[in-house]
Amino acid sequence: MENNFSLWPDELYSLLKVHNISQVSVVPDAGLSRLITRCIDDNDIHVITLTTEEEGIALMAGAWLGGDKSVLLMQSSGVGNCINMLSLATNHRTPMPMIVTMRGDYGEFNPAQIPMGQATQTVLEAMGTIVNRADRPEDIVPSVDSTLRLAFNTFRPTATLIGQRILGAKTFGSD
Amino acid sequence: MTSLGQSVRLDRRELCRSILQNRDDMLVIAGLGASAWDITAVGDCSENFPLWGGMGGAAMIGLGLAIAQPQRKILVITGDGEMLMGLGSLATIATKHPPNLAIIVLDNEHYGETGMQETATKHGVDLVAIARGAGFKRTQLVQHTSDVDALNREIRSDGLFFAVAKIEASPQKLVLPPRDGAILQSRMRASILGSSAHKQI
């Protein structure tokens, strides 16, 4: 399943603009590709490509110290790399919204994606994150809007998990 | 100029005192442990953000702050163990290349808070070479008191900068900053943003 005709990546970009997000950190995922491109093309948004996702958690702490609003984009496997760093959000009461594209759930082909994919929500919640799931395309924008509002209005880590049911499972040519 | 002791290795606290005197409006992030105690011993203030956790994240906090406040000088002071845990961040930071960020690693070649176990720098891992390889153009290895004036000039100059200062491994008196992270964050935000800091939506 391809998302070439999906509107939600452009709608998410518009949502980031409405919320005055100026720092977007990324470990790429195919499902986020269009959104990342839109952000790169925007001179008012700094896109920071990370070597590992926990860097994005620390970046959000620094951004907020200086009055910038930041969001972290990653796939679910990267959530595991963030666990200890998320203590910054709790200790400092820092807004840390995350947009996570799921691997290792609906229709997964790759066995290696299953352990972290199935643990993603549990791990985030264990570290104090409010998690919304979006498993239908029409849920994505309202859910991310909520994730951004909850983070910046109530000073905590929040996440929207965009389900593989929407994104489609990577088939590695086995179709 | 400043008293930095006569020993072969620099005294970490005297070095921090030298770096932070005449700091103007510099904003300082300190990695958890001894670096946080050091900047607090020199003088706790709203422009200090000493960490109690988030090991490996100090430099990235510096990057986020440097992007948000491009008119301010941001200084990250951290230890070798903390920097080793976030080596990838050197690649991330060099790629963004913020001109207002300086990173100083106080390198005693040991994990000082956990029983003085040796770190990788004790065995030859060269953090300056790693930073240069990542793309930092301006770097310095600080080993002698005679290097410190140049270090202070580099920190205060424009352009992304990375330094390693080889320091004594002997422990220093604990001087603890406030432990409530919400206070540490709020006070720095208020210092930078004024009263609007607490009304930002």
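Above: the structure in question.
Every chain begins its residue count from 1, and numbering advances along the sequence as written. Throughout, the order in which chains and ligands are written sets their labels, letters from A for the former and numbers from 1 for the latter. Whole-chain, interface and lining totals are the exception, using all residues; otherwise, since this is a predicted model, local features are given only for residues with pLDDT of at least 70 and side-chain atom pairs are given and counted only at 80 or more.

As a further point, take the interface of chain A and chain B. Listed per partner, the contact involves 28 residues of chain A and 31 residues of chain B. Helical segments are the DSSP runs of H or I of at least four residues, strand segments are the runs of E of at least two, and each set is numbered from the N terminus. Those elements that place two or more of their residues in the side of chain A that touches chain B are strand 2 (46-49), helix 3 (54-65) and helix 5 (87-92) of chain A. Along the lines of polarity and charge, the residues of the side of chain A that touches chain B split into 11 nonpolar, 13 polar and four charged. For every residue pair, C-beta atoms are placed from the backbone, and the pair is scored as a contact if these atoms sit within 7 Å. Throughout, the ten residues Ala, Val, Leu, Ile, Met, Phe, Trp, Tyr, Cys and Pro are labelled nonpolar, Asp, Glu, Lys and Arg are labelled charged, and all others, Gly among them, are labelled polar.

Residues and elements named next belong to chain B. Strands are treated as partners if at least two bridges between them are detected by DSSP. In spatial order, the strands read 2-1-3-4-8-7; together these six strands make up an open sheet with parallel pairing. Every interior strand has two partners, whereas the edge strands, strand 2 (48-50) and strand 7 (138-142), have only one. Along the sheet, successive strands turn relative to each other by an average axial angle of 15°, direction set aside. To obtain an axis, a line is fitted to C-alpha atoms, over the contacting stretch when the element is a helix, and the angle between two such axes runs from 0 to 180 degrees between their N-to-C directions. Here helix 2 (residues 34-43) sits on the sheet in contact with strand 1 (27-30), strand 2, strand 3 (74-79) and strand 4 (101-107), set at roughly 130° to strand 3. Along the sheet face, helix 3 (residues 58-68) touches strand 1, strand 3 and strand 4 and points at about 175° away from the line of strand 3.

For sheets, the rule is that strands pair by backbone hydrogen bonds, running either parallel or antiparallel. Residues and elements named next belong to chain A. The parallel open sheet is built from six strands, whose spatial order is 2-1-3-4-6-5. Two strands bound the open sheet, and with one partner strand each, they are strand 2 and strand 5 (130-134). Strand-to-strand twist of the sheet, defined as the mean angle between neighbouring strand axes without regard to direction, takes the value 20°. Here six bridges tie strand 4 (residues 96-101) to strand 6 (residues 157-162), and the two strands are oriented parallel to one another. Of the residues in strand 6, the one forming a bridge with Ile-99 is Thr-160. In this fold helix 3 packs onto strand 1 (21-26), strand 2, strand 3 (69-75) and strand 4, with an angle of close to 170° to the strand it touches most, strand 3.

Note that every value here comes from positions in space, so none of it alone points to a role or purpose.
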